[in-house]
Amino acid sequence: MIRVQAMPFDPGGELNTFSQGVAGAGAIVSFTGVVRDVTGGLSGMEIEHYPGMTEKALGAIRGEAMQRWDLAEAMVIHRFGRLDVGEVIMMVATASKHRKDAFEAAEFLMDYLKSRAPFWKKEVTLEGSSWVASRDEDEEALGRW
Amino acid sequence: MIRVQAMPFDPGGELNTFSQGVAGAGAIVSFTGVVRDVTGGLSGMEIEHYPGMTEKALGAIRGEAMQRWDLAEAMVIHRFGRLDVGEVIMMVATASKHRKDAFEAAEFLMDYLKSRAPFWKKEVTLEGSSWVASRDEDEEALGRW
Amino acid sequence: MQVMYFAWVRERIGLPREVVETSASTVAQLVDELRAREARYEAAFEDVTALRVALDQELADFDASLEGVQEVAFFPPMTGG
Amino acid sequence: MQVMYFAWVRERIGLPREVVETSASTVAQLVDELRAREARYEAAFEDVTALRVALDQELADFDASLEGVQEVAFFPPMTGG
């Protein structure tokens with residue numbers, strides 16, 4: 001399941017729904033990304049995306065995860081638009097019979113969506129706003145797969 | 001946080017509470033283990049543990065994870081007693097600034113609690129019950145750390 | 001051809017999309033044409049190594065052919081997740 | 001000395017814990033003493049490589065010393081998670 005939305009969502013509720021939907025797969029891994037004010041002064045975040053391509057890219061990444069690991073299901077939810085500090089940006093969940101598959105596939109999904117799904121983050125502070133720079137280590141993380 | 005309990009718990013609710021409690025750490029990873037009837041015929045599970053040692057062992061494993069990775073928090077909840085198919089057995093959650101730390105620490109916690117925390121699972125079927133055998137690959141998984 | 005801009009590329013050029021009449025046969029040629037137009041395009045495309053391009057919503061290289069392509073998008077490296 | 005049994009070790013011996021008077025100085029000597037008692041102990045300890053031992057709630061080896069130890073526990077390899 002892939003969802004791209006402006007609306008907030010409840011990660012705990014999503015985890016429970018996901019878990020109940022995957023009979024036979026006892027190992028569930030989730031990743032949740034939250035807007036944090038790490039440096040102090042952040043008032044929120046603007047996330048821009050490329051409608052159409054975003055869904056295609058996430059679908060392709062999810063499809064590859066489903067092929068490469070023994071998964072019962074894999075889910076990606078990603079928000080766009082304006083987010084306040086403390087809000088959930090995105091969530092990934094995987095379900096498998098084997099914990100190793102669930103963990104690896106979740107990491108793979110995160111690594112790929114970081115650098116291959118068309119989202120761009122802009123940090124908004126009281127002084128203004130600035131685009132988040134991509135990080136070399138995010139690109140390098142893809143080398144593992 | 002370490003919790004060892006007979007009572008069922010709500011993984012989604014725990015994930016949300018955990019996430020809200022870790023300001024500054026934007027990457028949250030969770031693992032949830034669920035009783036699954038993989039072969040057909042399973043009616044439930046009995047989990048025995050060693051009160052006292054269990055809490056110590058989980059505390060030590062959590063403490064090592066907190067030292068080895070840049071974590072804001074790490075949580076383990078594990079049930080004991082009688083569980084039905086579909087019930088949640090245990091949950092691990094980690095919070096970090098960095099997704100890699102959150103993922104690795106969660107895998108470490110799982111690998112260690114599988115083979116080093118004093119829990120024993122017994123599968124209950126209509127024909128009787130049998131102790132779950134430990135698996136060589138669970139012991140081997142510790143070699144990674 | 002529909003040309004789209006995202007994030008700071010969009011901000012520098014000052015619009016999210018436009019229809020471009022071009023005979024460019026590769027992405028690189030299209031970039032040269034756009035860059036020659038006005039200072040704001042020059043500013044957006046000054047360092048192509050800092051940019052990514054998608055052709056019909058698939059990531060592509062700057063030497064890729066534009067034959068049959070209907071939608072070209074330029075943007076900085078993605079920062080999702 | 002408090003001796004505890006878990007999982008199928010407990011089931012084979014037929015009790016979860018007992019107080020044992022012993023002069024054994026290592027775990028292995030204690031196992032030999034217990035095994036010599038009755039068939040149910042022999043059955044529980046027949047393959048020591050399939051067992052784990054904890055001394056005062058810390059995992060230990062079978063050649064570990066029992067000096068100062070108050071609580072010994074025998075059980076199969078753990079299967080939590």
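Before any of the text, the structure's been laid out above.
Notes on the structure follow. (Residues numbered from 1 in each chain as written. Chains lettered and ligands numbered in written order. Predicted model: local features only at pLDDT ≥ 70, side-chain atom pairs only at ≥ 80, totals over all residues. Heavy atoms only, no water.)

1. Examining the nonpolar core
Right, on to step 1. By size, the foremost hydrophobic cluster in this structure holds 64 residues, and its most contacted members are Val-92 and Leu-113 of chain A together with Val-92 and Leu-113 of chain B.
Right, on to step 2. Setting aside residues no more than four positions away along its own chain, Val-92 of chain A makes contact with Val-29, Ser-30, Phe-31, Met-75, Val-76, Ala-106, Leu-109, Met-110 and Leu-113 of chain A. (Core = buried A, V, L, I, M, F, W, Y, C linked by side-chain atoms within 4.5 Å. Buried < 20%, exposed > 50% of the residue type's maximum accessible area, 1.4 Å probe, protein only. Contact = heavy atoms within 4.5 Å.)

2. A closer look at the interface of chain A and chain B
Right, on to step 1. Contacts between chain A and chain B engage 34 residues on the former and 34 residues on the latter.
Right, on to step 2. Our count for the contact surface shared by chain A and chain B stands at 4 salt bridges.
Right, on to step 3. Among the salt bridges present, the one from Asp-138 of chain B reaches Arg-99 of chain A, with a minimum N-O distance of 2.9 Å.
Right, on to step 4. Linking chain A to chain B there are 19 residue pairs in polar contact (both at pLDDT 80 or more).
Right, on to step 5. Broken down by secondary-structure element, the contributors of at least two residues to the side of chain A that touches chain B are helix H1 (11-20), strand E2 (27-34), helix H3 (99-116) and helix H4 (136-141) of chain A.
Right, on to step 6. Looking at which element gives the most residues to the side of chain A that touches chain B, the answer is E2 of chain A, with 8 residues.
Right, on to step 7. As judged from the 7 bridges shared by E2 of chain A and strand E2 (residues 27-34) of chain B, these two strands associate in the antiparallel manner. (Salt bridge = Lys/Arg side-chain N within 4 Å of Asp/Glu carboxyl O. Polar contact = N/O pair within 3.5 Å; in protein donor to acceptor, adjacent residues only side chain to side chain. Helix = DSSP H or I, 4+ residues; strand = E, 2+ residues; numbered from the N terminus. Pairing = 2+ DSSP bridges.)

3. Comments concerning the packing of aromatic side chains
Right, on to step 1. This model, assessed by the stated rule, comprises 28 aromatic pairs over all chains.
Right, on to step 2. Taking the centre distance of 5.1 Å and the plane angle of 15° together, the rings of Trp-120 of chain A and Phe-6 of chain C count as stacked. In this pair, Trp-120 of chain A sits in strand E7 (residues 119-125) while Phe-6 of chain C sits in the loop between strand E1 (2-5) and helix H1 (7-13), so the two residues belong to two different chains.
Right, on to step 3. Over the ring of Tyr-41 of chain C we find Arg-37 of chain C, and its NZ or CZ is 5.2 Å from the ring centre. (Phe/Tyr/Trp six-rings, centres within 6.5 Å; stacked < 30°, edge-to-face > 60°. Lys NZ or Arg CZ within 6 Å of the ring centre and 35° of its normal.)

4. A closer look at the relation of the copies chain A and chain B
Right, on to step 1. Each copy of the sequence occupies a distinct position, and chain A is placed on chain B by a rotation of 180° and an axial shift of 0.0 Å, giving an RMSD of 0.0 Å. Both copies are brought into coincidence by an operation consistent with a two-fold rotation axis. Every residue of chain A has its C-alpha some distance from the rotation axis, and the shortest such distance is that of Gly-12 of chain A, at 1.7 Å.
Right, on to step 2. Most of the interface of chain A is mirrored in chain B, where 100% of its interface residues are also at the interface. (Least-squares fit on C-alpha atoms with pLDDT ≥ 70 in both.)

5. Brief notes about the pattern of salt bridges
Opposite charge on two side chains permits them to pair, given that their charged atoms come into close proximity.
Residue and element names in this part refer to chain B.
Right, on to step 1. Taken as a whole and assessed by the stated rule, the structure comprises 36 salt bridges over all chains.
Right, on to step 2. For Arg-144, the salt bridge identified is with Glu-107, shortest N-O distance 3.0 Å. Of this pair, Arg-144 sits in the segment after helix H4 (136-141) while Glu-107 is found in helix H3 (residues 99-116), placing the two residues 37 residues apart along the sequence.
Right, on to step 3. Taking the relative accessible area as the measure of exposure, Glu-107 reaches 5% and is therefore buried.

6. Notes on the pairing of E2 of chain B
Within a regular strand, the side chains alternate between the two sheet faces.
All names here are of chain B.
Right, on to step 1. Most of E2 is tucked away: 8 of the 8 residues are buried.
Right, on to step 2. Burial along E2 is two-sided: the face carrying Ala-27, Val-29, Phe-31 and Gly-33 and the face carrying Ile-28, Ser-30, Thr-32 and Val-34 are both buried.
Right, on to step 3. Pairing analysis gives 8 bridges linking E2 to strand E6 (residues 88-96), with the strands arranged antiparallel. In the sheet register, Ser-30 faces E6, and the bridge partner there is Ala-93.

7. A short note on the environment of Trp-120 of chain B
Right, on to step 1. Taking relative accessible area as the criterion, Trp-120 of chain B reaches 1% and is therefore assigned buried.
Right, on to step 2. At 2.8 Å, the side chain of Trp-120 of chain B and the backbone oxygen of Pro-76 of chain D are in polar contact.

8. A closer look at the sheet that holds strand E1 (residues 2-5) of chain D
Residue and element names in this part refer to chain D.
Right, on to step 1. Sheet architecture is open: 5 strands sit in the order E2-E1-E5-E3-E4, paired in mixed fashion. Across the chains shown, the open sheet's two edge strands, defined by having one partner strand only, are strand E2 (17-19) and strand E4 (58-60). In this sheet, adjacent strand axes meet at a mean angle of 25° when their direction is disregarded.
Right, on to step 2. Bridge count between strand E3 (residues 52-55) and strand E5 (residues 71-75): 4 bridges; the pairing is antiparallel. By the bridge assignment for E5, Val-53 is matched with Phe-74.
Right, on to step 3. Packing against the sheet, helix H2 (residues 27-35) makes contact with E1, E3 and E5, and its axis sits at approximately 70° to E5. (Axes fitted to C-alpha atoms, helices over the stretch in contact; angles between N-to-C directions.)

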